[in-house]
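# Summary of structural features
Here is what each chain is made of, one letter per residue.
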Amino acid sequence: MGKETSTDAIYSLDAKMNLLKAVPFGLQHILAMFVANITPIIIVAGVCGLTAQNTAMIIQSAMLIAGIGTLVQLFPLWKIGSRLPIVMGISFTFVSIACVIGGRYGYGAVMGAVLVGGLIEGILGLFAKYWIKIVAPIVASTVVTAIGFSLLVVGANSFAGGQGSADFGSAKNWILGSVTLLCCILFNIFAKGFLKQLSVLFGLVVGYILALCMGMVDFSAFSDVSIIAVPHLIPFKPEFHADAIIAFVLIFLVSATETIGDTSALASSGLGRDVTEKETAGSIACDGFVSSLSSVFGCMPITSFSQNVGLVAMTKVVNRFAIATGAVIMILAGLFPAVGALLATLPDAVLGGCTIMMFGTIVISGLQMIGKCGFTQRNITIAALSLSIGLGFTQVPDMFNLFPELVRTVFAENCVAVVFIISIILNLVLPKNMEADK
């Protein structure tokens, strides 16, 4: 009986778990998001002209803040946090606007805009009950589906070796990604009991060992790594520009909707129930306020990680204690740079082999959520039109050349933002009784 209880604990939100059993599940979550967590920083830092030393410092802060944010989601402070197994990390949603603002005004302007935008999203989260109804289930479901589709490109780029890499699409990357993916699938098929849910971790380990044998692991980052380091407070002086703040606030609204979708998808796929208003509000508030805290440490906005929602959907592991061990690992990575440096050696192709299936799971979760909303004429119209415009138009960004730069920056290549706006508008203007005229 004890063994059954211990095994079932990973599928229970609040069950107590043995630490040794919990750590692999927490580590699996961190490995699944680590490279994606630092990639936005590397991109934006490059555009803003930051030094390698500054970039490393921001990455260190990112791990610390992501760990703290994850713990707040798991174990809420007042009304901030969802009490759900949500893993936090640096959001790709802000990369485009951060590059534009950073290139125009410098990295300090990005930090000022993140500080203000995060506070606004956090306050909106606390008062979510007054506005969240405009984000109807069909809207959230459609946004979840769009998130899944948008991540498929991220997974494919990783599988091929990482966008911009010298060996992008090489035979080595194809072999590494394919072996990793195959190991994940085979382990999931043949493993027994709770071990089946460690398929992603198994794939990562096998892929990493293969990468070592192929000479594809770069340990050069260890040359200047100190044993322990404390992240700096306000390493960049915040600057406040009205256009930068407005642009970031718009993206924070999009991010809030992504969080609604992520939270809904997690509750649906991981817990088999609808998300509550309290959980959604706490999740949004956590995203906002922790993002503002992130800017104090010189870091980009922190939000719920769709990759890890996909991992929960695939494994059904929802135990808060297990996920919390991963948050502690992230905090340690922030305090001990060598930990982060070791995790950073994970090749992109290995990550891509593991995540491509998880991202597809998010798409399926979104479609399942749309199915639960019901295939009424109204719901079909909202989902079909918003997805076709959002996914279609953003594949041809030159279509947006007619609009001001701010609009192009926010929407031209951000399918989630377009899907959000179109689905919200359709939900507000379409008649509630479209079936009645038949």
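Fair warning: this is a prediction, and the values are worked out from it, not measured in the lab. (Residues numbered from 1 in each chain as written. Predicted model: local features only at pLDDT ≥ 70, side-chain atom pairs only at ≥ 80, totals over all residues. Heavy atoms only, no water.)

Let us look at the overall build of the protein. Per the secondary structure count, the protein includes 17 helices and two strands. Its C-alpha radius of gyration of 21 Å places the protein within 12% of the 22 Å reference for a compact globule of 438 residues. Principal axes of the C-alpha set define a box for the protein whose edges measure 65 × 60 × 50 Å. Residue pairs at least 24 apart in sequence account for 83% of intrachain contacts in the protein once pairs closer than 6 positions are excluded. Where the 21 positive side-chain charges of the protein centre and where its 21 negative ones centre are 10 Å apart. (Helix = DSSP H or I, 4+ residues; strand = E, 2+ residues; numbered from the N terminus. Rg over C-alpha atoms; globule rule 2.2 N^0.38 Å. Contact = heavy atoms within 4.5 Å. Lys, Arg positive; Asp, Glu negative; His and termini not counted. Charge placed at Lys NZ, Arg CZ, Asp CG, Glu CD.)

Let us now look at the confidence of the model for the protein. Per-chain confidence: the protein averages 85 in pLDDT, with 95% of residues scoring 70 or above. Averaged pLDDT values for the elements of the protein fall to 53 in helix H1 (residues 2-8) and rise to 96 in helix H5 (residues 107-126). (pLDDT = per-residue confidence, 0-100.)

Time to look at the packing of helix H4 (residues 95-105) against H5. One can describe the packing of H4 onto H5 by two numbers: an axis separation of 6 Å at closest approach and a directional angle of 130°. On the basis of their axis angle, the class for H4 and H5 is oblique. From H4, Ala 98, Ile 101, Gly 102 and Tyr 105 reach across to H5, where they touch Tyr 107, Ala 109 and Val 110. (Axes fitted to C-alpha atoms, helices over the stretch in contact; angles between N-to-C directions. Parallel < 35°, antiparallel > 145°, perpendicular 65-115°, else oblique.)

Counted according to the given criterion, the structure contains zero disulfides. Free cysteine: Cys 99, not disulfide-bonded; nearest cysteine sulfur from Cys 48 at 6.9 Å. Cysteine Cys 183 is unpaired, with the sulfur of Cys 184 as its nearest cysteine sulfur at 7.1 Å. (Disulfide = S-S within 2.5 Å.)

Residue placement: Pro 235 occurs in the loop between helix H8 (199-213) and helix H9 (242-271). Aside from chain neighbours lying at most four places away, what touches Pro 235 is Met 57, Val 296, Phe 297 and Gly 298.

This part takes up the packing of helix H7 (residues 171-190) against H8. Between two packed helices, the angle of one axis relative to the other and the distance separating the axes together describe the packing. The contact between H7 and H8 brings their axes to 8 Å, and the two run at 145°. By crossing handedness, the relation of H7 to H8 is classed as right-handed. In this structure, H7 uses Leu 176, Val 179, Thr 180, Cys 183, Cys 184, Phe 187 and Asn 188 to contact H8, whose residues at the interface are Ser 199, Val 200, Phe 202, Gly 203, Leu 204, Val 206, Gly 207, Leu 210 and Ala 211. Split into classes, the residues belonging to the contact of H7 with H8 amount to 11 nonpolar, five polar and no charged. (Left-handed = near helix turned anticlockwise from the far one by under 90°. Nonpolar A, V, L, I, M, F, W, Y, C, P; charged D, E, K, R; others polar.)

Attention now moves to the environment of Gln 28. Looking at the element boundaries, Gln 28 is found in helix H2 (residues 19-48). On the accessibility criterion, Gln 28 (1% relative accessible area) is buried. (Buried < 20%, exposed > 50% of the residue type's maximum accessible area, 1.4 Å probe, protein only.)

Over its 15 residues, H8 extends 21 Å from the first C-alpha to the last, a length consistent with the 21 Å expected when each residue adds 1.5 Å. The set of residues buried in H8 consists of Ser 199, Val 200, Leu 201, Gly 203, Leu 204, Gly 207, Tyr 208 and Ala 211. (Expected span 1.5 Å × (residues − 1).)

Counting residues in each nonpolar core, the largest one holds 91 residues, and the members touching the most others are Ile 41, Val 44, Tyr 107, Val 110, Phe 248 and Met 300. By residue number, the principal contributor to this core is H9, which donates 12 residues. Excluding anything up to four places from it in sequence, Val 110 contacts Ala 98, Ile 101, Gly 102, Phe 248 and Met 300. Counting residues in hydrophobic clusters, the runner-up holds 27 residues, among them Met 17, Leu 201, Ala 322 and Leu 346. (Core = buried A, V, L, I, M, F, W, Y, C linked by side-chain atoms within 4.5 Å.)

This paragraph deals with the pattern of salt bridges. Going through the model one piece at a time under the given rule, you end up with four salt bridges. Among the salt bridges present, the one from Asp 14 reaches Arg 83, with a minimum N-O distance of 2.9 Å. Here Asp 14 is found in the loop between H1 and H2, whereas its partner Arg 83 is found in the loop between helix H3 (52-74) and strand E1 (88-90), with 69 residues between them in sequence. Asp 243 is the partner of Arg 104 in a salt bridge, and the nearest nitrogen-oxygen pair spans 3.2 Å. With Arg 104 in helix H4 and Asp 243 in helix H9, this residue pair connects regions lying 139 residues apart in the sequence. (Salt bridge = Lys/Arg side-chain N within 4 Å of Asp/Glu carboxyl O.)

A cluster of nonpolar side chains, contributed by Leu 182, Ile 185, Leu 186, Ile 189, Phe 190 and Met 357, occupies part of the molecular surface with about 570 Å² of accessible area. It is H7 that provides the largest number of residues to the nonpolar patch, a total of five residues. If you trace the backbone, Ile 185 turns up in helix H7. (Patch = residues over 30% accessible without salt bridge, like charges linked within 9 Å, V, L, I, M, F, W, Y side chains within 5 Å. Areas by Shrake-Rupley, 256 points an atom, 1.4 Å probe, with all protein chains shown as cover.)

For the structure shown, the criterion picks out seven aromatic pairs. Taken together, a centroid distance of 6.1 Å and an interplanar angle of 15° make the contact between Phe 94 and Phe 248 stacked. Of the two residues, Phe 94 sits in the loop between E1 and H4 while Phe 248 sits in helix H9, which places them 154 residues apart along the sequence. Phe 248 sits in the buried class, given a relative accessible area of 0%. With centroids separated by 5.5 Å and ring planes inclined at 75°, the aromatic side chains of Phe 159 and Trp 174 adopt a geometry described as edge-to-face. Remark: Trp 174 occurs in helix H7 and Phe 159 occurs in helix H6 (residues 137-159); sequence separation between them is 15 residues. Ring pairing ties together the aromatic residues Phe 94, Phe 248 and Phe 252, which thus form one cluster. (Phe/Tyr/Trp six-rings, centres within 6.5 Å; stacked < 30°, edge-to-face > 60°.)

Here the phi dihedral of Trp 78 falls at roughly 60°; this positive angle occurs in a residue that is not glycine. Residue placement: Trp 78 occurs in the loop between H3 and E1. With a relative accessible area of 67%, Trp 78 lands in the exposed category. With phi around 45°, Ile 234 is a residue other than glycine that occupies positive phi space. Locating Ile 234 in the fold gives a position in the loop between H8 and H9.

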